[in-house]
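Structural features, examined
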Amino acid sequence: MRLKDKVVVLTGAASGIGKATAELFAREGAIQIISDIDEEGLKETFESLGEAKNNTFMMKVDVRNPSEVKAMIEKAIEMHGKIDVLIVNAGVVRVGPVDTFPDEDYDLLIDVNLKGTHYTCKYAVPYFKKQKYGSIITLASVAAHIGQTAHANYCSTKAGVLGYTRALALDLAPFNVRVNSVSPGATDTPMLQGDVAKQARDRGLSYEVVRKEFEEEGVMGRWAKPEEIATGILYLATEESSYMTGADLRLDGGWTTR
Ligand SMILES: NC(=O)c1ccc[n+]([C@@H]2O[C@H](COP(=O)([O-])OP(=O)(O)OC[C@H]3O[C@@H](n4cnc5c(N)ncnc54)[C@H](O)[C@@H]3O)[C@@H](O)[C@H]2O)c1
């Protein structure tokens, strides 16, 4: 077991990549504090963990709300006295052309993807500095590296996550804390399925046609399974990546190699 006795705090655990990560980390022996705004989905993830439920605490947390995020971090410290790994995974996507993009959708993207990332790190950083060890992993995206049609607003938040991650890595390096991001490509989760469905509606195309377009973006011609992103997160969580900080792990099926 690669994470035995390691305390892991994970946001966005109810679905997709977060759920696959909670399940993988449970099999690797982690002690987990899993959170999400979606309480029903979070319970489903919790139930899927089998015996590892005994090692898991779940909490409804909206990452847009600093006091809820602070309470999650303090709960982890109160229960276990340390945080070995922080996974800043909660995120949302909204797509559409900029000239008709609703302001409330852009507010949501910024509040969850950027401010949520910041709050989650902000309240954990003092404990990481004190401990002088640990790994923080954020979720960027291929959208942080390349332009995607009708994704200008989403791309701007994920490029922001990348910049935040790099800069925080500098601040925390003197404290022996590593900070890295993962950039998934098209990954088969409710987020991407919803994204494709919206684009199909907007463009008057079928779901299958737009899905195929996304599949062909990566040179491997298929979407990733969420489990294939979770294994990358696991690598960054363990000492196997001990000399990596300020880096971005692109798990994009070759999308950004074109
Ligand atoms: N699926 C992809 O193709 C893809 C590609 C690149 C990056 N990502 C990133 O990976 C991460 C996980 O995405 P996913 O595909 O698993 O999506 P998902 O929609 O399946 O899961 C995201 C989770 O975040 C939670 N969440 C949303 N808003 C929240 C809030 N305010 N507070 C707390 N939790 C909240 C949702 O309830 C959901 O459970 C996101 O940051 C996303 O931007 C996904």
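Scroll up a little and you will see the structure.
Residues numbered from 1 in each chain as written. Predicted model: local features only at pLDDT ≥ 70, side-chain atom pairs only at ≥ 80, totals over all residues. Heavy atoms only, no water.

**What to know about the packing of helix α3 (residues 66–80) against helix α4 (residues 103–131)**
The N-to-C vectors of α3 and α4 enclose an angle of 35 degrees; their axes lie 9 Å apart at closest approach. Relative to α4, the crossing made by α3 is right-handed. Together, Pro66, Val69, Lys70, Met72, Ile73, Glu74 and Ile77 of α3 and Tyr119, Thr120, Tyr123, Ala124 and Tyr127 of α4 make up the contact between the two elements. (Axes fitted to C-alpha atoms, helices over the stretch in contact; angles between N-to-C directions. Helix = DSSP H or I, 4+ residues; strand = E, 2+ residues; numbered from the N terminus. Left-handed = near helix turned anticlockwise from the far one by under 90°. Contact = heavy atoms within 4.5 Å.)

**Section: the packing of helix α6 (residues 190–203) against helix α7 (residues 207–217)**
The N-to-C vectors of α6 and α7 enclose an angle of 120 degrees; their axes lie 8 Å apart at closest approach. Taken together, the axis directions place α6 and α7 in an arrangement best described as oblique. Considering how the two elements wind past one another, α6 and α7 form a crossing that is right-handed. From α6, Leu192, Gln193, Asp195, Val196, Ala197, Gln199, Ala200 and Arg203 reach across to α7, where they touch Tyr207, Val210, Arg211, Glu213 and Phe214. Grouping the constituent residues of the contact of α6 with α7 by class yields 7 nonpolar, 2 polar and 4 charged. (Parallel < 35°, antiparallel > 145°, perpendicular 65-115°, else oblique. Nonpolar A, V, L, I, M, F, W, Y, C, P; charged D, E, K, R; others polar.)

**Observations concerning the environment of Gln193**
Among the secondary structure elements, Gln193 is positioned in helix α6. Looking at Gln193, the relative accessible area reads 30%, which means it is partly exposed. When the C-alpha positions of Gln193 and Asn176 are compared, they lie 38 Å apart, and in sequence the two are 17 residues distant. What Gln193 contacts, discounting residues up to four positions off in sequence, is Asp188, Tyr207 and Trp223. Of note is the side chain of Gln193, whose polar atom sits 2.7 Å from the side chain of Asp188. (Buried < 20%, exposed > 50% of the residue type's maximum accessible area, 1.4 Å probe, protein only. Polar contact = N/O pair within 3.5 Å; in protein donor to acceptor, adjacent residues only side chain to side chain.)

**Some remarks on the site of the ligand**
Taken together, 30 residues lie around the ligand, and Ser15, Ile17, Asp36, Tyr154 and Thr189 are the ones closest in. One of the backbone nitrogen or oxygen atoms of Ile37 is found 3.4 Å away from a nitrogen atom of the ligand. In this structure, an oxygen atom belonging to the ligand sits 2.8 Å away from a side-chain N or O atom of Tyr154. Surface burial for the ligand is 92%, taken as the share of its 820 Å² of free accessible area covered by protein chains. Among the secondary structure elements, those contributing two or more residues to the shell around the ligand are α1 (16–27), α5 (152–172) and α6. Top element by residues in the shell around the ligand is α6. It accounts for 3 residues. (Near = heavy atom within 4 Å. Areas by Shrake-Rupley, 256 points an atom, 1.4 Å probe, with all protein chains shown as cover.)

**Here we look at α3**
In a regular helix each residue adds 1.5 Å, so 15 residues correspond to 21 Å; α3 covers 21 Å between its end C-alpha atoms and thus fits that length. Burial in α3 covers these residues: Val69, Met72, Ile73, Ala76 and Ile77. Buried positions in α3, seen along its axis, are confined to an arc of 130 degrees and lie on one side of it. Exposed and oriented more than 90 degrees from the buried face of α3 are Ser67 and Glu78. Contact partners of the buried residues in α3: β1 (7–10), β2 (31–36), β3 (56–60), β4 (85–88) and α4. (Expected span 1.5 Å × (residues − 1). Arc of directions from axis to C-beta.)

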